[in-house]
Amino acid sequence: GSETLETVLKTLEDKFGHTDFKSTLQKDAVLAVVQGSGDVFVSMPTGSGKSLCYQLPAVIKERCVAIVVSPLLALITDQIEHLLKRKIVAETINSKMLVEDKRRVCNDLKTKCPNTQLLYITPEQAATSTFQEILAHLHKHKQISYFVVDEAHCVSQWGHDFRPDYLKLGKLREKYMDIPCIALTATATAQVEKDIYEQLSLKSPVARFKTSCFRSNLFYDIAFQNTSADPETDLSLYASEWLGDDWDTQPLKTRPCGIIYCRTRESTGTLAEILTKKGIHTKAYHAGLKDRERAEVQDEWMTGKIPVITATISFGMGVDKASVRFVAHWCMPQSVAGYYQESGRAGRDGQPSGCRIFYSRKERNAVEFLLKQDVSKKTKKGAKYEKQAKQMMKSYEAMVRYCEIPQCRHAIFSSYFGDSPPDCQKKCDFCLDPKATEDKTQAYFSSDVG
Ligand code: ADP
Ligand code: MG
Ligand code: ZN
């Protein structure tokens, strides 16, 4: 009720120093953890304030300890330091700490009313007998507020950083089904989410708080190179459409700019040359350049001196530029997840932006060839690698379907990430004009194979 919201807001300000929530989703997740007795799943991007979703409720819930599992000691130390500064009692038990510190923490946890509000542990620690004893003791005295599993995607073999030790958390959780479990992650495809629910035995109904993957300011479409007389000119027109005529009169920092992804180093060079000749100043960026050159190109683009960069996918990690007006793929993305991430570098400022794949049969075949090679190599290495390679093949096939089946492009992302279908509102070629999209796709299939 409103009383809870009041308490929550007061704690937010008094203890965490924030005047408001970062988002409605953060607020709703906090309230669910505070009020609810059930399991909670939180999936929000990095930096959106997931920690608060369990830290704030832990502070409110007195006389109880929240058990927080986090993958790395470095992360744990960092969090604890941060909390201690705010006079929130957070502790850890781990194999690297001094015996006397460990004794101090254990003793506190065995008192009638522990000072500790949050107890951070690694998944390795969770499996130790020391910890099991503490847990049993706390449980017996009804002093556990909830289990928190941060970076919960680590339980999934399909996640980026699978940690076998995370699998043991399932057993731990099953022993204490009466304690609510809160799982948090930044990466949640439908597959990873399903794994998290299964591995941590989350009890339905799970209260689910997930940022929608729908980016309503991005217009997605496909152009088929095979049915064009001059694909490079198409690309240059696409670029100039998004850049506008007056891009170089705008303030450097917010000048419109674009990224064109290519598969090979050679094609970044060739395309950059062609585009520059056509009047769009473009530079190539790839791992083959000398460090200094590469840094220079990136810097010129970041600061708005050159509008367009042609790059291999090594470009963009950690690049956070707000005014990217378009992301074009001159090549075939390897997976829906990869494409979502790469194209998602467009429109960070919320302004209308474009994401287009310049699809070509040649590129499609090249990627397929490389992937098949990879599959056969990995198959020889053993079952585990084979499974991984097959998953890559499946991701790729999903990407082919994205390009070759006329349907809402945003809806494909939503289904991949387990969201309900978005209200696209003509933010993709198919929803804008289904007939034209079907026609151009058909024309591609009828075009010469060569
Ligand atoms: P995540 O785990 O989702 O990557 P964090 O929990 O580490 O994100 O939080 C990211 C940053 O956001 C931190 O610096 C945190 O202090 C800040 N933050 C969290 N909630 C709020 C809020 N309500 N108002 C302002 N800043 C916040
Ligand atoms: Mg986090
Ligand atoms: Zn659509």
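In this text the structure is predicted, and so the values were computed from the model without any measurement. (Residues numbered from 1 in each chain as written. Chains lettered and ligands numbered in written order. Predicted model: local features only at pLDDT ≥ 70, side-chain atom pairs only at ≥ 80, totals over all residues. Heavy atoms only, no water.)

### Here's the deal with the overall build of the protein chain
To keep it simple, the criterion reads: Secondary structure counts use DSSP, requiring at least four H or I residues in a row for a helix and at least two E residues in a row for a strand, with both numbered from the N terminus. Buried means the residue's accessible area, taken with a 1.4 Å probe over protein chains only, is under 20% of the maximum for its type, while exposed means over 50%, and partly exposed covers the values in between. Here the accessible surface of atoms and residues is derived via Shrake-Rupley with a 1.4 Å probe, and residues count as covered only by protein chains that are part of the display. Asp and Glu are treated as the negative residues and Lys and Arg as the positive ones, with His and the ends of the chain left uncounted. Where a charge lies is defined by one atom per residue type: Lys uses NZ, Arg uses CZ, Asp uses CG and Glu uses CD.
Of the regular secondary structure elements, the protein chain holds 18 helices and 13 strands. Scored against the burial criterion, the 450 residues of the protein chain give a buried share of 50%. Of the roughly 22100 Å² of accessible surface on the protein chain, a fraction of 52% belongs to carbon and sulfur atoms. Averaging the positions of the 62 positive and the 56 negative side-chain charges in the protein chain gives two centres separated by 5 Å.

### A short note on the sheet that holds strand 11 (residues 308–311)
Heads up, the condition is: DSSP calls a pair of strands paired once it identifies at least 2 bridges connecting them. Throughout, an axis means a line fitted to C-alpha atoms (over the contacting stretch in the case of helices), and angles, computed between N-to-C directions, take values from 0 to 180 degrees. Every residue pair with non-hydrogen atoms within 4.5 Å of one another is taken to be in contact.
Strand order in the open sheet formed by six strands is 8-13-12-9-11-10, and the pairing between neighbours is parallel. A single partner strand is all that each edge strand has here, and the edge strands are strand 8 (218–224) and strand 10 (282–285). For this sheet, the mean angle separating the axes of adjacent strands, direction not counted, is 20°. Of the strand pairs in this sheet, strand 12 (residues 324–329) and strand 13 (residues 353–359) are connected by four bridges, and their pairing is parallel. Residue pairing for strand 13: Phe326 is matched across the bridge by Gly354. This element, helix 12 (residues 291–302), spans strand 9 (257–261), strand 10, strand 11 and strand 12 of the sheet and lies at about 140° to strand 10.

### Re the packing of aromatic side chains
The description of an aromatic ring pair rests on the distance of the ring centres and on the angle between the ring planes. Heads up, the rule is: Note on aromatic pairs: the rings of Phe, Tyr and Trp (six-membered ring only in Trp) are paired at centre separations within 6.5 Å, and the planes decide the class, stacked below 30 degrees, edge-to-face beyond 60, tilted for the rest. Put simply, a charge is over a ring when the Lys NZ or the Arg CZ is close to the ring centre, within 6 Å, and near the line of the ring normal, within 35 degrees.
Enumeration according to the criterion identifies 17 aromatic pairs in this entry. Both rings, one in Tyr238 and one in Phe326, keep their centres 5.7 Å apart while their planes meet at 75°; by these two values the pair is edge-to-face. One end of the pair, Tyr238, is in helix 10 (residues 231–243); the other, Phe326, is in strand 12, and 88 residues separate them in sequence. A single burial state applies to Tyr238 and to Phe326, both of which are buried. With 5.1 Å between their ring centres and 90° between their planes, Tyr416 and Phe417 make a pair best called edge-to-face. The exposure class of Phe417 is buried, given its relative accessible area of 10%. One aromatic cluster is present, formed by Tyr220, Tyr339, Tyr340, Tyr402, Phe413, Tyr416 and Phe417 through successive ring pairs. We note Arg409 situated over the ring of Tyr402; from NZ or CZ to the ring centre the distance is 5.8 Å.

### Topic: the packing of helix 14 (residues 361–381) against helix 15 (residues 383–404)
We apply this condition: Each angle is binned into one of four classes, with values under 35 degrees roughly parallel, values over 145 roughly antiparallel, values of 65 to 115 roughly perpendicular, and all other values oblique. Crossing handedness is read from the near helix: turned anticlockwise from the far helix by less than a right angle, it gives a left-handed crossing, and turned clockwise, a right-handed one. By the convention adopted, Pro, Cys, Tyr, Trp, Phe, Met, Ile, Leu, Val and Ala count as nonpolar, Lys, Arg, Asp and Glu as charged, and the other residues, Gly among them, as polar.
In the contact formed by helix 14 and helix 15, the axes pass within 7 Å of each other and the chain directions differ by 165°. Accordingly, the angle class assigned to the pair helix 14 and helix 15 is roughly antiparallel. Here helix 14 runs over helix 15; the crossing is left-handed. Facing Arg364, Val367, Glu368, Leu371, Lys372, Asp374, Val375, Lys378, Thr379 and Lys381 of helix 14, the residues of helix 15 in contact are Tyr385, Glu386, Gln388, Ala389, Met392, Met393, Tyr396, Val400 and Glu404. In terms of residue class, the contact of helix 14 with helix 15 is made up of nine nonpolar, two polar and eight charged.

### As for the pairing of strand 8
Most of strand 8 is tucked away: six of the seven residues are buried. Examined bridge by bridge, strand 8 and strand 13 share seven bridges and lie parallel to one another. Bridge pairing links Tyr220 to Cys355 in strand 13.

### A short note on the coordination of the zinc ion (ligand 3)
Tetrahedral coordination by four donors places them ideally at 109.5 degrees to one another around the metal; octahedral coordination by six donors ideally gives 90 or 180 degrees. Going by this rule: Each metal's donors comprise the N, O and S atoms found within 2.8 Å of it (within 3.2 Å for Na, K or Ca). Water is not part of the atom list, so some coordination spheres may appear incomplete. Irregular is the default label, applied whenever a site is not tetrahedral (four donors, all angles between 85 and 135 degrees) and neither square planar nor octahedral (four or six donors, opposite donors over 155 degrees apart, all other angles between 65 and 115).
Listed as protein donors to the zinc ion (ligand 3) are Cys408 (SG), Cys424 (SG), Cys428 (SG) and Cys431 (SG); their distances from the metal cover 2.3 to 2.4 Å. Because the angles between the four donor atoms bound to the zinc ion (ligand 3) fall within 102 to 118°, the donor set is best described as tetrahedral. Taken in chain order, the donor set of the zinc ion (ligand 3) reads C-x15-C-x3-C-x2-C. Among the residues examined, Cys428 registers a relative accessible area of 0% and is labelled buried.

### Structural notes on the environment of Lys362
Mapped onto the secondary structure, Lys362 falls in helix 14. Taking C-alpha positions, Lys362 is 16 Å from Glu397, a pair spaced 35 residues apart along the chain.

### Focus on helix 1 (residues 2–16)
Put simply, the rule is: By this rule, a helix spans an expected 1.5 Å times one less than how many residues it contains.
If you check helix 1, its first and last C-alpha atoms are 20 Å apart, about what 15 residues at 1.5 Å a residue would give, namely 21 Å. On its buried side, helix 1 packs onto helix 2 (24–35), helix 3 (52–60) and helix 4 (73–85).

### Regarding unusual backbone geometry
Between Ser204 and Pro205 the backbone carries a cis peptide bond, its omega angle lying at 0°. Inspection of the secondary structure puts Pro205 in the loop between helix 9 (190–199) and strand 7 (207–210). Despite not being glycine, Ser201 shows a phi value in the positive range, around 45°. Within the secondary structure, Ser201 is located in the loop between helix 9 and strand 7. Despite not being glycine, Lys426 shows a phi value in the positive range, around 60°. In this structure, Lys426 sits in the loop between helix 16 (409–416) and helix 17 (429–432). Overall, Lys426 belongs to the exposed group, its relative accessible area being 52%.

### What about the site of ligand 1?
Definition in use: We call a residue near a molecule or strand as soon as one heavy atom of that residue lies within 4 Å of the molecule or strand. Polar contact is the term for a pair of N or O atoms within 3.5 Å; when the atoms are in protein, one must be able to donate a hydrogen and the other to accept it, and sequence-neighboring residues count only if both atoms are side-chain atoms.
Around ligand 1 sit His18, Asp20, Phe21, Lys22, Gln26, Pro45, Thr46, Gly47, Ser48, Gly49, Lys50 and Ser51, and that is every residue in its neighbourhood. Take Gln26: an N or O atom from its side chain is 3.0 Å from a nitrogen atom of ligand 1. At 2.8 Å from an oxygen atom of ligand 1 is found a side-chain nitrogen or oxygen belonging to Lys50. The protein chains hide 68% of the 570 Å² of surface that ligand 1 would expose on its own. Across the shell around ligand 1, the residue classes break down as two nonpolar, seven polar and three charged.

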